[in-house]
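Residue strings, one per chain:
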Amino acid sequence: MLELLLLRHAKSRWDEPETGDHDRDLAPRGEQAATRMSRLLREQGLEPDLVLCSTARRAVHTWRLAAAELTHPPSIQYDDRLYLASPDRMLQVIAERGADAGRLVLVGHNPGMHALATRLSATGEKALRATVAAKFPTAALALLAFNTDAWPQIATQGGELRGFWRPRDL
C-alpha cells in the first residue's frame, strides 16, 4: 500500500509587485499555517519517506516549516516540473521519482493540486470527498492511500481519501 500526501503551498506574499511569481515568499499568515501543518504531520504520525517539491520559493518555504517537527527528516527532491504543474505532470513526476517510498509528500500549487486531489479521491468518506472537491485552500493537506506498491499505477486506479486538513480547522 502506498500513501500520498498532497500539500499545497501556504499563503504567499502579494505586497512585493517587483518580485516574480516563482520567487514570491510566504506571507506571515502562510508561515503560521505551515507551522500548524508541521504539528499535524507529527501528531498524526505522517512522516514521509520522500518529498517531491516545486522549486517555487513559497513551496520550498512551506515544506521547510511543515517539516520542522518531524523526527526523521525525509529525503527531498526539488523538481522544476512541479511549478504550476497539471495533474498529469504531477503524476509523471511521482511515477518517475517515487521509487521505493511508501509514503510520499508532493508540495505544489493550484489549480493542479486541487484537480489531482479530486481526480485521485475515488473512494473515502463522502463528506470528506465533497470538502476536497469544493476547495483546496493554501497549506491544505490531503492523505490518499492506494492499494498498489508501484507509483506509476496510481494514475489509473484512484485511491481512498483518508484525510483532509485545512489550517483554519487546526
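Structure report, in brief. Note that the structure is a prediction, hence the values are computed from the model and not measured. Residues take numbers from 1 onward in each chain, read along the sequence in its written order. Note on the predicted model: pLDDT of at least 70 is required for a residue's local features to be given, and 80 or more for side-chain atom pairs to be given and counted; whole-chain, interface and lining totals, by contrast, use all residues. Each side-chain value is derived from all of the structure's non-hydrogen atoms; neither hydrogens nor water enter the calculation.

Once that is clear, we can look at the nonpolar core. We call a set of buried residues a nonpolar core when its members are Ala, Val, Leu, Ile, Met, Phe, Trp, Tyr or Cys and they connect through side-chain atoms within 4.5 Å of each other. Each residue's exposure class comes from its accessible area (1.4 Å probe, protein chains only) as a fraction of the maximum for that residue type: buried when under 20%, exposed when over 50%, partly exposed otherwise. Ranked by internal contacts, the top residues of the largest apolar core, which has 29 residues, are Leu 4, Leu 6, Leu 106 and Phe 136. Helix numbers and strand numbers start at the N terminus; a helix is a DSSP run of H or I with at least 4 residues, a strand a run of E with at least 2. At the level of elements, β1 (2-8), β2 (50-54), α3 (87-97), β4 (103-108), α4 (112-120), α5 (126-134), β6 (141-146) and β7 (159-165) are the ones that each hand at least two residues to this core. Any two residues whose heavy atoms approach within 4.5 Å are treated as being in contact. Not counting the four nearest positions on each side in its chain, Leu 6 is found in contact with Leu 106, Met 113, Leu 116, Ala 117, Phe 136, Ala 140, Leu 141, Ala 142 and Leu 144.

So, on to the sheet that holds β2. Taken in spatial order, the seven strands of this open sheet run β3-β2-β4-β1-β6-β7-β5, and their pairing is mixed. The sheet terminates laterally at β3 (75-79) and β5 (121-124), the two strands that pair on one side only. Across the sheet, the mean angle separating the axes of adjacent strands is 30° when strand polarity is ignored. Think of it this way: DSSP has to see at least two bridges between two strands before they count as a pair. Pairing of β6 with β7, which is carried by five bridges, proceeds in the antiparallel orientation. Each residue of the ladder has a partner; that of Leu 143, found in β7, is Gly 163. The axes used here are C-alpha line fits, helices contributing only the stretch in contact, and every angle between their N-to-C directions lies in the interval 0 to 180 degrees. Sheet contacts for α4: β1, β4, β5, β6 and β7; angle to β1, the most-contacted strand, approximately 150°.

This part is about the side chain of Ser 38. Topologically, Ser 38 is positioned in helix α1 (residues 28-43). Excluding its chain neighbours within four sequence positions, the residues that come into contact with Ser 38 are Leu 65, Ala 66, Ala 67, Ala 68 and Glu 69.

Bringing the pattern of salt bridges into the picture now. Definition used for salt bridges: Asp or Glu carboxyl oxygen within 4 Å of a side-chain nitrogen of Lys or Arg. With the rule as written, the count across this model stands at 14 salt bridges. With its nearest N and O atoms 3.8 Å apart, the salt bridge here joins Arg 162 to Glu 3. Taken together, the residues span a long stretch of sequence, with Arg 162 in strand β7 and Glu 3 in strand β1 at a distance of 159 residues. Taking relative accessible area as the criterion, Arg 162 reaches 39% and is therefore assigned partly exposed. Exposure remark for Glu 3: the relative accessible area of 15% places this residue in the buried category. As a salt-bridge pair, Asp 88 and Arg 119 come within 2.7 Å of each other at their nearest N and O atoms. Placement of Asp 88 in helix α3 and of Arg 119 in helix α4 is noted, with a sequence separation of 31 residues between them. Given a relative accessible area of 49%, Asp 88 falls into the partly exposed group. Here the salt bridges share partners, and the residues they tie into one network are Glu 3, Arg 103, Glu 160 and Arg 162.

What follows covers α3. Of all the positions in α3, only Pro 87, Met 90, Leu 91, Val 93 and Ile 94 are classed as buried. Buried residues of α3, seen end-on, are gathered within an arc of 160° and therefore sit on one face of the element. Tucked into the core, α3 has its buried residues touching β1, β2, β3, β4, α4 and α6 (154-157). Among the residues trailing α3, Ala 99 stands out with phi positive, at a value near 45°. Throughout, the arc means the angular range of directions from the helix axis out to the C-beta atoms.

The geometry of α1 relative to helix α2 (residues 57-66) is characterised by a closest axis approach of 7 Å and an angle of 45° between their N-to-C directions. Classified by the angle between their axes, α1 and α2 sit oblique to one another. Between α1 and α2 lies a crossing whose hand is right-handed. Where α1 approaches α2, its residues Glu 31, Ala 34, Thr 35, Ser 38 and Leu 41 are matched on the opposing element by His 61, Thr 62, Trp 63, Leu 65 and Ala 66. Relative orientations are named as follows: roughly parallel for angles under 35 degrees, roughly antiparallel for angles over 145 degrees, roughly perpendicular for angles from 65 to 115 degrees, and oblique for any other angle. In this scheme, a crossing is called left-handed if the near helix is turned counterclockwise away from the far one by less than a right angle; it is called right-handed if the turn is clockwise.

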